[in-house]
Number of protein chains: 2
Amino acid sequence: MLKYELIAERIEELIENGQYEAGDKLPSVEILRSEFNVSKSTIINALKSLEKEGLIYQARGSGIYVRNPKRDGYLNLFTADGFSDDLKGHDVTSKVLKIAEIKPEEHIKTQLKLQDNETVYYVERIRYVDGKVFCIETSYFSKNVVLYMNEEIANGSIFDYVENNLKVKVGFTDIYFKIDKLSASDAGHLQLNEGDPSLEYEQIFYTSTGIPFDYSKIIFHYENSRFYIPSVK
Amino acid sequence: MLKYELIAERIEELIENGQYEAGDKLPSVEILRSEFNVSKSTIINALKSLEKEGLIYQARGSGIYVRNPKRDGYLNLFTADGFSDDLKGHDVTSKVLKIAEIKPEEHIKTQLKLQDNETVYYVERIRYVDGKVFCIETSYFSKNVVLYMNEEIANGSIFDYVENNLKVKVGFTDIYFKIDKLSASDAGHLQLNEGDPSLEYEQIFYTSTGIPFDYSKIIFHYENSRFYIPSVK
């Protein structure tokens, strides 16, 4: 864990212990810096990470404010993290339905900026949170970035594997979604009925240098998923 | 329009004209600064605003990259703006169903941090995009910030009124949402059927100094709404 992550965790504890409540103003960067005895840039990085998690808000020129406490079990769509990161404290598991190396269709090739002859890793999974069906995920991974894939990896957190083993720096992600009615086959996977509500989600992950490497379609179980977005003006 | 907004608009034009495409690297801050002949902080503010719109991505130490083009008609949930801002080029209209000054229920009072005796402006609207039903919106406005409200204001963009007339600086917003089935009465307003899919959305807006002033419940028309989130790691 980096130094700024440790500081972020300690500030998070102060908020979770109720020492600072929603709407309260936190001490200034200068005071935090001398309190924790670290550099100004460490404090600034810690505050940035807390801001992305939706724990605090930094108003230019007026201070740092505590936001509403996180709601447990909600997926934070503001940060480009994997589910496992977001649902800390919950048991995230996967069942691999299909894994293969395939030639992707045109739409996927465009999104991942692939050459005509390039193949991708195709992974189809059902994901569970605390044993309940959370979503069906169909992913296409560019082999230029995701150098290797197998069932063992796909059984765990692919996001962690990409970040920690392949040392890929994830930069940003585009999410597009809409609401629809479930098809019979998706309903079967989700243990729901055809025509039940669904959240259909398209997500493209990029490295920090702008290379798209993961195109995923995700269909969420409407009763088992909750979402949170801490936006900033 | 502020100087940085003008610069942001001109960079946006370069992207929309295809001079820079998704994945391309933009010139450095230094070069942009001398090209546009403005201060470094103007360029930095312009880039920040383009980043929030999801047009560019700034990778620390490696440069500024162009993201995928916006999809028209998608609501950007990454920025705490009103719909009208997000759906530029589309005709956003409202029909006011109810407007009143009321004593809010306990849950709303807590979210808006109100005293026991304080009343709120209650506004219930159907909102349309290009003449199609987009959502039903039920809002509670704190009178400490939203000093006045009437039907004429509620017929237009309340967000614009709050920002431009009341000079409120909007800081951040918390969005929580889930998918569900429509109730008979909501289905009636949305011209859909009971049991059809719905996106149920709770949103709390705060001023830049952390004061909550708008608690809204929004139910979207599943066929007429599309959403976009340009997240950053």
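Since the structure is predicted, the reported quantities are computational estimates derived from the model, not experimental observations.

Asks: Hey, could you run me through the overall build of chain A in this one?
Replies: Counting its regular elements, chain A contains 8 helices and 10 strands. With the principal axes as the frame, chain A shows a C-alpha extent of 55 × 40 × 30 Å. A buried classification covers 52% of the 233 residues belonging to chain A. Summarising the internal contacts of chain A: among those between residues at least 6 apart in sequence, 61% fall at separations of at least 24. Total accessible area on chain A is roughly 10600 Å²; 45% of this is exposed by carbon and sulfur atoms.

Asks: Just checking my understanding: could you explain the environment of Lys-167 of chain B for this structure?
Replies: Residues and elements named next belong to chain B. Looking at the element boundaries, Lys-167 is found in the loop between helix H7 (158-165) and strand E8 (170-181). By relative accessible area, which is 66% here, Lys-167 ends up exposed. Sequence spacing of Lys-167 and Ile-11 is 156 residues, and the spatial spacing of their C-alpha atoms is 28 Å.

Asks: Whenever I open this one, the packing of aromatic side chains confuses me. Can you help?
Replies: By convention here, two paired aromatic rings are described through the distance between centres and the angle between planes. Enumeration over the complete set of coordinates arrives at 27 aromatic pairs over all chains. Seen from their ring centres, Phe-220 of chain A and Phe-227 of chain A are 5.0 Å apart, and the 85° between their planes marks the pair as edge-to-face. Phe-227 of chain A shares its class with Phe-220 of chain A; the two are buried. Between Phe-172 of chain B and Tyr-206 of chain B, the aromatic rings sit 4.4 Å apart at their centres with planes inclined by 10°, giving stacked as the arrangement. Within this pair, whereas Phe-172 of chain B is found in strand E8, its partner Tyr-206 of chain B is found in strand E9 (residues 197-207), the two being separated by 34 residues in sequence. Assessed through its relative accessible area of 1%, Phe-172 of chain B is described here as buried. Taken together, Phe-134, Phe-177, Tyr-201, Phe-220 and Phe-227 of chain A together with Phe-134, Phe-177, Tyr-201, Phe-220 and Phe-227 of chain B form an aromatic cluster joined through their ring pairs.

About the criteria used
Residues numbered from 1 in each chain as written. Chains lettered and ligands numbered in written order. Predicted model: local features only at pLDDT ≥ 70, side-chain atom pairs only at ≥ 80, totals over all residues. Heavy atoms only, no water. Helix = DSSP H or I, 4+ residues; strand = E, 2+ residues; numbered from the N terminus. Buried < 20%, exposed > 50% of the residue type's maximum accessible area, 1.4 Å probe, protein only. Contact = heavy atoms within 4.5 Å. Areas by Shrake-Rupley, 256 points an atom, 1.4 Å probe, with all protein chains shown as cover. Phe/Tyr/Trp six-rings, centres within 6.5 Å; stacked < 30°, edge-to-face > 60°.

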